[in-house]
Amino acid sequence: MSQLKPPTAADVDAAASRLSGIAIRTPLINSPVLDAAIGARVFLKAETLQRTGSFKFRGAYNKMSSIAADRRAAGVVAFSSGNHAQGVAAAAQLLGLPATIVMPRDAPAAKRERTAALGAQVVLYDRDREDRMAIAQGIAAERGATLVPPYDDPLIIAGQGTIGREIVEDLAAQGLKPDVVVIGASGGGLAAGISLAVKARLPQVKFYTAEPEGFDDMARSFASGHRETNAKLSGTICDALMSPTPGELTFPITRALIGEGVAASDAEVARAVGFAFRELKLVVEPGGAIGLAALLAGKVPVAGRVVVAVLSGGNVDAALFDRLIAA
């Protein structure tokens, strides 16, 4: 993996051209009740409203639209707990490519069902006992298919980076610049891409990653200077944020451009999901609300600043959502 060249700001611009008219330019949501709760000028980048309900469509489409014509018939293979799966399946449908997705057995039913509904073949595995990467690589080798990784790929990172470009442009249209940006981190593709795009235009912006407590491998990796691994593979309501370690390609980018992370508890995440529903009328999945959770819990110093948090996804099972908003 490490022989891959990291993406540049120019790669993000190229991704923006590929995605133009295909990915949704999601809104930056601001509300007086949000500003009052956090004590800052807060904007939420609502990737919950993206195709397939998460940011993952951007990177998947950017990667897959770049596959050479002679490789397309063999299709694509991906591994994901759900959001990347749906992003890949939707991009495959648009591009006319066969797709196989390796998903954990405990992934939310809604994510599994929607992935299959988009025409992908779903292969299930045991998150605690089996290696999803090995399974996906085996299928790819057997079929000559292209592996579409969830984060450790320059085209994936560049696709996610288009969010950062939009944040800067859409705030500039209001005469504003972000002071602080908070991004949920799992493998780090979203954090790497957005920080790359924003810092190319506004190098002074301060970034933080946000992760679930007990799954804060990125923050611990920043502290130690090398990629740390989580002790647990499962056990948080943030099913989208359980990658065991930061990506090999993403970590050098996030370490250089972000370098600081915070963690939020499941209770704090639940509060953020409820706040987004009650006060902002937004449906956000737990993993997608991690940045908002960190802000509401006061984990990031933002008083009086212009702050952006990314709501990275909204694919939450109805039963879990019901429990969280009732809490």
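Scroll up a little and you will see the structure.
This is a predicted model, so every value here is computed, not measured.

Participant: Even after reading the chapter, I still don't get the layout of surface pockets, so can you show me in this structure?
Facilitator: A water-sized probe rolled over the atoms picks out the places where empty space is left. Here the largest pocket defines a volume of roughly 770 Å³. In this structure, the largest pocket is lined by 45 residues; those nearest its centre are Arg 132, Pro 150, Tyr 151, Ser 243 and Pro 244. Listing elements by their share of the lining of the largest pocket, those giving two or more residues are helix H4 (83-95), helix H6 (132-143) and helix H8 (189-201). Ranked by the residues each element gives to the lining of the largest pocket, the list is headed by H8, at three residues. Across the lining of the largest pocket, the residue classes break down as 17 nonpolar, 18 polar and ten charged.

Participant: Even after reading the chapter, I still don't get the sheet that holds strand E1 (residues 28-29), so can you show me in this structure?
Facilitator: By definition, the strands of a sheet pair up through backbone hydrogen bonds, in either a parallel or an antiparallel sense. Strand order in the open sheet formed by six strands is E1-E2-E10-E7-E8-E9, and the pairing between neighbours is mixed. Of all the strands in the sheet, just E1 and strand E9 (261-264) have a single pairing partner and so form its edges. Of the strand pairs in this sheet, strand E8 (residues 206-212) and E9 are connected by four bridges, and their pairing is parallel. Counterpart to Glu 211 in the pairing with E9 is Ala 263.

Participant: Looking at this model, I keep getting lost on the pattern of salt bridges. Mind explaining?
Facilitator: Proximity of charged atoms lets side chains of opposite charge pair with each other. Under the criterion given, the structure shown has 17 salt bridges. Arg 58 serves as the salt-bridge partner of Glu 47, at 2.7 Å between the closest nitrogen and oxygen. Remark: Arg 58 occurs in helix H3 (residues 56-64) and Glu 47 occurs in the loop between strand E2 (41-46) and H3; sequence separation between them is eleven residues. Arg 220 serves as the salt-bridge partner of Asp 216, at 3.1 Å between the closest nitrogen and oxygen. With relative accessibility at 30%, the residue Arg 220 sits in the partly exposed group. Through salt bridges with shared partners, one network takes in Asp 13, Arg 25, Arg 165, Glu 169, Asp 170 and Arg 201.

Participant: Can you walk me through the side chain of Thr 254 in this structure?
Facilitator: Mapped onto the elements of the fold, Thr 254 is located in helix H10 (residues 250-257). Residue Thr 254 is classed as buried on the basis of its relative accessible area, which comes to 0%. Excluding its chain neighbours within four sequence positions, the residues that come into contact with Thr 254 are Gly 188, Ala 191, Ala 192, Met 218, Phe 222 and Gly 259.

Participant: Quick question: what am I supposed to make of helix H11 (residues 266-280) here?
Facilitator: Taking 1.5 Å per residue as the helical rise, H11 with its 15 residues ought to reach 21 Å, and the 20 Å between its terminal C-alpha atoms agrees with that figure. Along H11, the residues classified as buried are Val 269, Ala 270, Ala 272, Val 273, Gly 274, Phe 275, Ala 276 and Leu 280. Where H11 is buried, its residues contact helix H2 (32-38), E2, E9, helix H12 (290-296) and helix H13 (318-326). Looking one or two residues past H11, Lys 281 carries a phi angle of roughly 60°, positive in sign.

Participant: How do you make sense of the sheet that holds strand E3 (residues 76-79) when you look at a structure like this?
Facilitator: Taken together, the four strands give an open sheet; going across it, the order is E5-E4-E3-E6, and neighbouring strands pair in parallel fashion. The open sheet is flanked by strand E5 (121-125) and strand E6 (146-147), the only strands paired with a single partner. Bridge analysis of E3 against E6 gives two bridges, and the strand direction is parallel. In the strand pairing of E6, Val 77 is matched with Leu 147. Across the face of the sheet, helix H5 (residues 109-117) comes into contact with strand E4 (99-104) and E5 while running at roughly 170° to E4.

Participant: Could you clarify how one ought to interpret the environment of Thr 250 in this entry?
Facilitator: Inspection of the secondary structure assignment puts Thr 250 in helix H10. For the pair Thr 250 and Leu 190, spaced 60 residues apart in the sequence, the C-alpha separation amounts to 8.9 Å. Excluding its chain neighbours within four sequence positions, the residues that come into contact with Thr 250 are Tyr 151, Asp 152, Ile 157, Gly 187, Gly 188, Gly 189 and Ala 192. Polar contacts involving the side chain of Thr 250 include one to the main-chain amide nitrogen of Gly 247, which spans 3.1 Å.

Reading the values: rules and limits
Residues numbered from 1 in each chain as written. Predicted model: local features only at pLDDT ≥ 70, side-chain atom pairs only at ≥ 80, totals over all residues. Heavy atoms only, no water. 1 Å grid on protein atoms, 1.4 Å probe; cavity = no way out; pocket = protein on both sides within 12 Å on 5 of 7 lines; lining within 4 Å. Points joined across faces, edges and corners; volume = space filled by probe spheres on them. Helix = DSSP H or I, 4+ residues; strand = E, 2+ residues; numbered from the N terminus. Nonpolar A, V, L, I, M, F, W, Y, C, P; charged D, E, K, R; others polar. Pairing = 2+ DSSP bridges. Salt bridge = Lys/Arg side-chain N within 4 Å of Asp/Glu carboxyl O. Buried < 20%, exposed > 50% of the residue type's maximum accessible area, 1.4 Å probe, protein only. Contact = heavy atoms within 4.5 Å. Expected span 1.5 Å × (residues − 1). Axes fitted to C-alpha atoms, helices over the stretch in contact; angles between N-to-C directions. Polar contact = N/O pair within 3.5 Å; in protein donor to acceptor, adjacent residues only side chain to side chain.

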